[in-house]
Amino acid sequence: MRYITFALAKGRLAKKAMGLLEQIGITCEEMKDENSRKLIFVNEELKLKFFLAKASDVPTYVEYGAADIGVVGKDTILEEGRKLYEVMDLGIGKCRMCVAGPAEAKEYLLHHERIRVASKYPNIAKDYFYNKKHQTVEIIKLNGSVELAPIVGLSEVIVDIVETGTTLKENGLEVLEEICPLSARVVVNQVSMKMENERISRIIQELRKVI
Ligand code: PRP
């Protein structure tokens, strides 16, 4: 029997995702050691492998079949646009993708002005403004602390994840428009889905029972 490999997005989601896998009897003790620098973990009895990767790389590993199954946020799935099957919503890590900015920026949106939009998610931002709103904007790609952009005058608005809204509030910003709801999803490699259908379907079925 060959190994089924899981790629988990490291960070906030990983712990919760591992908790769900544990509930269906898929455990990997080694992985809980937070001090370890080890990248890949094996469960020999179940013939499973797990690795933690940067969230934005998870869809890449899954598309190429280096991982059969991935657990990653819908934000990353939308941004990366990889060829894979999204098979399940885990209902964890719930948040929203939003256009945010200072209250004054509402006007710019209303009048379809050619504003600057800063985001870690340039593809999502582009799709939203060009294809949904038919508004021409300038997208500026950032890598973190995106809320800074409108404060220091880099952009008029941002496209970013809002969970509790605390970051926006503490920086004098607010949600201006909601793009879509987000949560953690299970994704599967398209070939693995056919070749290992029985094992993968069983894992998904079990997961459905606990969420
Ligand atoms: C995310 C997101 C917001 C914040 C939203 O950032 O980009 O900044 O969380 O959460 P809140 O609505 O509960 O305040 P993250 O902490 O992942 O780091 P980053 O800013 O460096 O990207």
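Every chain is numbered independently, its residues counted from 1 as its sequence is written. Given that this is a predicted model, residues contribute local features only at a pLDDT of at least 70 and side-chain atom pairs are listed and counted only at 80 or more, while totals for whole chains, interfaces and linings are drawn from all residues. Excluded from the side-chain calculation are hydrogens and water; included are all heavy atoms of the structure.

Draft legend 1. View of the overall build of the chain. Runs of H or I in DSSP of at least four residues are treated as helices and runs of E of at least two as strands, each being numbered from the N terminus. Across its full length, the chain carries nine helices and eleven strands. Reported as C-alpha extents along the three principal axes, the dimensions of the chain are approximately 60 × 35 × 30 Å. Exposure categories follow from relative accessible area, calculated using a 1.4 Å probe and restricted to protein chains: below 20% of the type maximum is buried, above 50% is exposed, and the middle band is partly exposed. Residue burial in the chain is summarised as follows: out of 211 residues, 46% are buried. A sequence separation of at least 24 residues applies to 68% of the contacts in the chain between residues at least 6 apart. What sets the accessible areas is the Shrake-Rupley method with a 1.4 Å probe; for residues, cover comes only from the shown protein chains. Entry remark: accessible area of the chain is about 11,400 Å², with carbon and sulfur atoms responsible for 50%. Only heavy atoms enter the contact rule, under which two residues are in contact if any of them lie within 4.5 Å.

Draft legend 2. Representation of the nonpolar core within the structure. Here, the term nonpolar core denotes a set of buried Ala, Val, Leu, Ile, Met, Phe, Trp, Tyr and Cys residues that are joined through side-chain atoms within 4.5 Å. Core analysis: the biggest nonpolar cluster contains 29 residues, and Phe-6, Leu-21, Ile-26, Phe-50, Ile-69, Leu-90 and Leu-207 have the highest contact counts within it. With five residues, the top contributor of residues to this core is helix α1 (residues 12-23). Beyond its immediate chain neighbours, meaning those up to four positions away, Phe-50 contacts Phe-6, Leu-21, Ile-26, Thr-27, Cys-28, Met-31, Leu-39, Ile-40, Phe-41 and Asn-43.

Draft legend 3. Representation of the site of the ligand within the structure. In this text, near means that some heavy atom of the residue lies within 4 Å of the molecule or strand in question. Around the ligand, the surrounding shell holds 13 residues, and the nearest of these are Arg-12, Lys-120, Glu-147, Thr-164 and Thr-167. The side chain of Arg-12 places a nitrogen or oxygen atom 2.6 Å from an oxygen atom of the ligand. Here Thr-164 contributes a side-chain N or O atom positioned 2.5 Å from an oxygen atom of the ligand. When the ligand sits alone it has 500 Å² of accessible area, and the protein chains cover 72% of it. Of all the secondary-structure elements, those providing two or more residues to the shell around the ligand are β9 (157-162) and α7 (166-170). Considered class by class, the residues forming the shell around the ligand number two nonpolar, six polar and five charged. By the criterion applied in these results, polar contacts are pairs of N or O atoms within 3.5 Å in which, for protein atoms, one can donate a hydrogen and the other can accept it, and in which residues neighboring in sequence qualify only through two side-chain atoms. Under this grouping Gly is polar, as are all residues other than the nonpolar Ala, Val, Leu, Ile, Met, Phe, Trp, Tyr, Cys and Pro and the charged Asp, Glu, Lys and Arg.

Draft legend 4. Molecular detail of a positive patch on the surface. On the surface, Lys-10, Arg-37, Lys-54, Lys-120 and Lys-141 cluster together into a patch of positive charge. By the secondary structure assignment, Lys-141 is in strand β8 (residues 138-141). Among the residues examined, Lys-141 registers a relative accessible area of 47% and is labelled partly exposed. Exposure above 30% relative accessible area and the absence of a salt bridge qualify a residue for a patch, where like charges join within 9 Å and nonpolar side chains (Val, Leu, Ile, Met, Phe, Trp, Tyr) within 5 Å. Any Lys or Arg side-chain nitrogen located within 4 Å of an Asp or Glu carboxyl oxygen qualifies as a salt bridge. Charge assignment in this entry is limited to Lys and Arg as positive and Asp and Glu as negative, and neither His nor the chain termini are counted. Note on charges: their place is set at NZ of Lys, CZ of Arg, CG of Asp or CD of Glu.

Draft legend 5. Seen up close, the state of the cysteines. Cysteine sulfur atoms are paired as a disulfide whenever they come within 2.5 Å of each other. Counting across every chain of the model gives zero disulfides. We note that Cys-98 lacks a disulfide partner, and the nearest cysteine sulfur, in Cys-180, lies 8.6 Å from it. A relative accessible area of 1% places Cys-98 in the buried class. For Cys-180, a relative accessible area of 16% puts it in the buried group.

Draft legend 6. Spotlight on the pairing of strand β6 (residues 95-101). Of all seven residues that make up β6, six are buried, and the element is covered over most of its length. Here β6 runs beside strand β10 (residues 174-182); their pairing, made up of seven bridges, is antiparallel. Directly across from Ala-100, in β10, lies its bridge partner Val-175. When DSSP locates at least two bridges between a pair of strands, those strands are taken to pair. Note that β6 and β9 share five bridges and pair antiparallel. Within the sheet, the bridge partner assigned to Cys-98 lies in β9 and is Asp-160.

Draft legend 7. The side chain of Thr-76, seen in detail. For Thr-76, the position within the fold is in helix α3 (residues 74-80). By relative accessible area, which is 7% here, Thr-76 ends up buried. With near-sequence residues (within four places) excluded, Thr-76 lies in contact with Ala-55, Ser-56 and Pro-59.

Draft legend 8. Just the sheet that holds strand β2 (residues 40-43), in detail. The strand order across the open sheet built from six strands is β2-β3-β1-β4-β11-β5, with neighbouring strands paired in mixed fashion. At either end of the open sheet lies a strand with only one pairing partner, and these are β2 and β5 (85-89). The mean inter-strand angle of the sheet, taken between neighbouring strand axes irrespective of direction, is 25°. Here β5 pairs with strand β11 (residues 184-188) via four bridges, running antiparallel. Axes, fitted as lines to C-alpha atoms, cover a helix only where it is in contact. Angles between the N-to-C directions of the axes lie from 0 to 180 degrees.

Draft legend 9. The arrangement of unusual backbone geometry in detail. Backbone geometry at His-112 places phi at a positive 50°, although glycine is not the residue there. For His-112, the location among the structural elements is in the loop between α4 (106-110) and β7 (116-119). On the basis of relative accessibility, which here comes to 39%, the residue His-112 falls in the partly exposed class. Residues other than glycine seldom take positive phi values, yet His-134 does so here, at roughly 50°. Within the secondary structure, His-134 is located in the loop between α5 (122-132) and β8.

Any functional reading would require information that these geometric values do not contain.
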